[in-house]
Amino acid sequence: MNDLTELFNKLFVNFNYIVAATLFVIGLYTVIAKSNLIKKFMGLNIIETSVFLFIVSSGAIVGGKAPIIGEGVSSKTAFVNPIPQALILTGIVVAMSTTAVALSLMIKLYEQCGTLNADKLKELK
Amino acid sequence: MIEFSQHCPVLMTITLIIGGALTPIVSISRKKFSFWWAFFVSLLAFFFCSCAVWRLYTMGPISYWLSGWEPPYGIEVYFDYVSTITFLMTALGILVIVYSKRYILHDISEEKLPTYYTLVLLILGGMVGFSVTGDMFNLYVFLEILSLSGYALIAITEEKLNAMASFKYLVMGSVSSVSVLLGVALLYNVTGTLNMADIALRLQQFGPTTAVYVALVLFIIGFSVKAALFPVHAWLPDAHALAPSPVSALLSGLVIKIGIVGMLRVLYCVYKLGGPVDFTSVTNFMGWLAAVTVLVGAFFAFFQDDIKMIFAYSSISNIGYILMGISLVSFTQPERGYLGMMGGLVHVFNHAIIKSTLFLCAGALIYKTGFRKLSDLRGIGKKMPITCGVLTIAALSIAGIPPTAGFICKWYIILGTIEFGKPIFAVALLLGAMLVFAYYIKIINALFFREPNESITEVDEAPLSMLVPIIILAIGCLVMGIFAYLPLAVIRPAAATMLGLPSTYLPLGG
């Protein structure tokens, strides 16, 4: 029984990781199972978001301050790690560019083939 | 000169990326000027790269701190022996750009020229940056720069299936990039740093936790997709065969090698042989996958009629050879992996030269005849003797016939498998080599010895701007084979440092 409470405690403390993992799996399912290419790509975006959530939340501290030394913040007080946030800012830019490229590809695909359904596109080939 | 060469690794990356970004602006009034601009930028990058390589071989690896911040706090650019592949990248970049001058107007309209050259320079910049960075997150960023330019380059023509091939590559590529990012994040969470050398140091302290193993597996998955290892190779044939030929040369010659460089960096620079994490179970598994990859690639290539499709499948097969070479490592006795590592690294170089020759020759044939099937191209050898002659040299090279480039690396890899005590791998590799030989004989036979196709009687030799790059590359194929000690001498320190041996290491009798 004690083990179980401990497990639940651990799960509760790390619930941000659980949310990230769930989102990752939802995204992966969408990429694999959906036949519409736009939906497939939205699944990819969900995967990316889950990774971003994982990274950002790993740098966060409850009640942490911005890491700028000034009033009320010294090197001794708890502050949020800024590096994951900087990384994810870059990551979001990259994800946005990937989305832009993918959507323009899909416009081209639709103009050329008249459908965005993966199964129908396979038949066209 | 010494002071200047210190800055070269970062200068060549910046030159290519900024040069690429400026291409549409400088060619705003005359679209054709974009060629000369791209040519100039790639020459400049090649010059910087030569300086950096010169310094590497006279004074050892270059560690450059961006804006003077000392690593691990700042970003480090680290030019070591593996980074010599940038020399190949910039040199091939120049040849591909020269080749594109005439060829690319066959595939795209003049309006799109600046876009095309921008993307070529960006893909080169991404690859160069990827190979010289010493920072895990930059690895991810450069991976995305080169992948995004790659997707766009495949879809740049108006052909019907290109967008589909590009989209397939994009989905696979995005999943692989995300898994690399997740790996970086896990390593950062464990060690609290992003600098590769620093991660290697701190891993000693933290030991092999589960997160470290998971990160390793994520890296391997991510880079396997980029390198087109067997179960995740399905995107490659369409993407490489349908892209415009110079782009195919870049993708097949260099971009798939990025996966290999990434694996080398992660396995042998971050995790390190003899380090806290014993990853030989992973590399053993990779060895088996590589053996399957060699056979699968060679097998499917055999049934293709489209000449570029054959080359694309053959790329899969050759990636198998390279991965086999670099995965034959023993955790406690690094010397045992030496031969395989040598072979794998030399094959990275040789395959890049050979495969780009093949794709550029195929491009010349397609440019002149408009056909891409072997059955339509039959008998073309008499009309285009230079192109087909070069294609024959490259085909013999990739089949591994002795005086050409392909022989020495396959020889080393097979010796490596026997030295490592895995003769079954040698059998797979030899079987693959025989299949490769069979289908390249098929190509040579179709080009020279079959009855000419009536509809191609009017064809003459390809223009000079296309012949010069392929002849230079063919000379490269021969030189790398006949003077095989040259590439071996260049690669030797890289192989030794990857295995954690001193860079001057020589095996007994070697």
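Residues numbered from 1 in each chain as written. Chains lettered and ligands numbered in written order. Predicted model: local features only at pLDDT ≥ 70, side-chain atom pairs only at ≥ 80, totals over all residues.

Some words on the overall build of chain B
Link 1 in the chain: Secondary structure summary: chain B contains 19 helices and two strands in total.
Link 2 in the chain: The C-alpha extent of chain B, read off along each of the three principal axes, is 70 × 55 × 40 Å.
Link 3 in the chain: Counting the 510 residues in chain B, one finds 63% classified as buried.
Link 4 in the chain: Within chain B, contacts between residues at least 6 apart in sequence are counted, and of these 80% link residues at least 24 apart. (Helix = DSSP H or I, 4+ residues; strand = E, 2+ residues; numbered from the N terminus. Buried ≥ 20, exposed ≤ 12 C-beta atoms within 10 Å, placed from the backbone. Contact = placed C-beta atoms within 7 Å.)

Remarks on the overall build of chain A
Link 1 in the chain: Looking only at helices and strands, chain A features five helices and zero strands.
Link 2 in the chain: The order of α-helices and β-strands along chain A, N terminus first, is α-α-α-α-α.
Link 3 in the chain: Structurally, chain A occupies a C-alpha span of about 65 × 45 × 15 Å along its principal axes.
Link 4 in the chain: Burial status across chain A gives 23% buried among its 125 residues.
Link 5 in the chain: Partitioning the contacts of chain A with sequence separation of at least 6, the portion at a separation of at least 24 is 45%.

Examining the interface of chain B and chain A
Interface size is commonly expressed as the accessible surface area that is lost when the partners come together.
Link 1 in the chain: Contact residues are listed per partner, giving 21 residues for chain B and 24 residues for chain A.
Link 2 in the chain: At the level of elements, α6 (136-154) and α7 (162-191) of chain B are the ones that each hand at least two residues to the side of chain B that touches chain A.
Link 3 in the chain: The element contributing the most residues to the side of chain B that touches chain A is α7 of chain B, with 12 residues.
Link 4 in the chain: Partitioned by chemical class, the residues of the side of chain B that touches chain A number 16 nonpolar, three polar and two charged. (Nonpolar A, V, L, I, M, F, W, Y, C, P; charged D, E, K, R; others polar.)

Notes on the packing of helix α4 (residues 85-107) of chain B against helix α18 (residues 464-482) of chain B
Residue and element names in this part refer to chain B.
Link 1 in the chain: Between α4 and α18, the shortest axis-to-axis distance is 7 Å and the interhelical angle comes to 150 degrees. It follows from the interaxial angle that α4 and α18 lie roughly antiparallel. As α4 packs across α18, the resulting crossing turns out to be left-handed. Of the residues in α18, those touching α4 at Leu95, Val98, Tyr99, Lys101, Arg102 and Tyr103 are Ser465, Met466, Val468, Pro469, Ile472 and Leu473. (Axes fitted to C-alpha atoms, helices over the stretch in contact; angles between N-to-C directions. Parallel < 35°, antiparallel > 145°, perpendicular 65-115°, else oblique. Left-handed = near helix turned anticlockwise from the far one by under 90°.)

Section: the packing of helix α3 (residues 37-58) of chain A against helix α4 (residues 82-113) of chain A
Residue and element names in this part refer to chain A.
Link 1 in the chain: Axis separation between α3 and α4 bottoms out at 10 Å; the angle between their running directions is 175 degrees. The angle between α3 and α4 places the two elements in the roughly antiparallel class. Of the residues in α4, those in contact with Leu37, Ile38, Phe41, Asn45, Glu48, Phe52, Ile55, Val56 and Ser58 of α3 are Pro84, Gln85, Leu87, Ile88, Gly91, Ile92, Ala95, Thr99, Ala102 and Met106.
Link 2 in the chain: Split into classes, the residues belonging to the contact of α3 with α4 amount to 13 nonpolar, five polar and one charged.

Side note on the pairing of strand β1 (residues 62-65) of chain B
Residues and elements named next belong to chain B.
Link 1 in the chain: Burial along β1 is one-sided: Ile62 and Tyr64 are buried, and none of Ser63 and Trp65, which face the opposite way, are.
Link 2 in the chain: Across four bridges, the pairing between β1 and strand β2 (residues 76-79) is antiparallel. Its bridge partner lying in β2, Ile62 is registered against Phe79. (Pairing = 2+ DSSP bridges.)

Describing unusual backbone geometry
All names here are of chain B.
Link 1 in the chain: One non-glycine residue, Ala228, lies in the positive phi region at around 65 degrees.
Link 2 in the chain: Looking at the secondary structure, you find Ala228 in the loop between α9 (210-227) and α10 (236-242).
Link 3 in the chain: Take Ala228: there are 26 C-beta atoms within 10 Å of it, and that puts it in the buried class.
Link 4 in the chain: Within the chain, Lys272 stands out as a residue other than glycine whose phi angle is a positive 65 degrees.
Link 5 in the chain: Within the secondary structure layout, Lys272 lies in the loop between α11 (245-271) and α12 (280-302).

Looking at the nonpolar core
Residues and elements named next belong to chain B.
Link 1 in the chain: Membership of the largest hydrophobic core comes to 234 residues, with the highest contact counts inside it found for Val120, Met127, Ile154, Cys361, Ala394 and Ala495.
Link 2 in the chain: Per-element accounting of this core gives the leading share, 19 residues, to helix α14 (residues 338-369).
Link 3 in the chain: Ignoring anything within four residues of it in the chain, the contact list for Cys361 reads Thr387, Val390, Leu391, Ala394 and Ile470. (Core = buried A, V, L, I, M, F, W, Y, C linked by C-beta atoms within 7 Å.)

As for helix α5 (residues 113-132) of chain B
Link 1 in the chain: Between its first and last C-alpha atoms α5 of chain B spans 29 Å; for 20 residues at 1.5 Å apiece the expected length is 28 Å, and the two agree.
Link 2 in the chain: Most of α5 of chain B is tucked away, with 19 of its 20 residues classed as buried. (Expected span 1.5 Å × (residues − 1).)

Considerations on the confidence of the model for chain B
Link 1 in the chain: Mean pLDDT for chain B: 87, with 99% of residues reaching 70 or above.
Link 2 in the chain: Our summary of model confidence lists the complex with pTM equal to 0.92 and ipTM equal to 0.90. (pLDDT = per-residue confidence, 0-100.)

Points about the environment of Ile108 of chain B
Residues and elements named next belong to chain B.
Link 1 in the chain: Its place among the elements puts Ile108 in the loop between α4 and α5.
Link 2 in the chain: Judged by local crowding, Ile108 falls into the partly exposed class, with 16 C-beta atoms found within 10 Å.
Link 3 in the chain: It is 7.4 Å that separates the C-alpha atoms of Ile108 and Glu158, two residues lying 50 residues apart in sequence.
Link 4 in the chain: The contact partners of Ile108, leaving out residues within four places of it in the chain, are Tyr116, Ile156 and Thr157.

Some points on the environment of Ile444 of chain B
Residue and element names in this part refer to chain B.
Link 1 in the chain: The topology assignment puts Ile444 in helix α17 (residues 423-448).
Link 2 in the chain: Owing to 16 C-beta atoms within 10 Å, Ile444 belongs among the partly exposed residues under this scheme.
Link 3 in the chain: As a C-alpha pair, Ile444 and Ala211 span 233 residues in sequence and 51 Å in three-dimensional space.
Link 4 in the chain: With residues near it in sequence (within four places) discarded, Ile444 still touches Thr392 and Ala395.

Examining the environment of Phe54 of chain A
Link 1 in the chain: On the secondary structure map, Phe54 of chain A appears in helix α3.
Link 2 in the chain: Taking the C-alpha atoms as reference, Phe54 of chain A lies 10.0 Å from Phe24 of chain A; in sequence the two are 30 residues apart.
Link 3 in the chain: When neighbours within four sequence positions are excluded, Phe54 of chain A is seen to be in contact with Tyr17 and Ala20 of chain A together with Ala185 of chain B.

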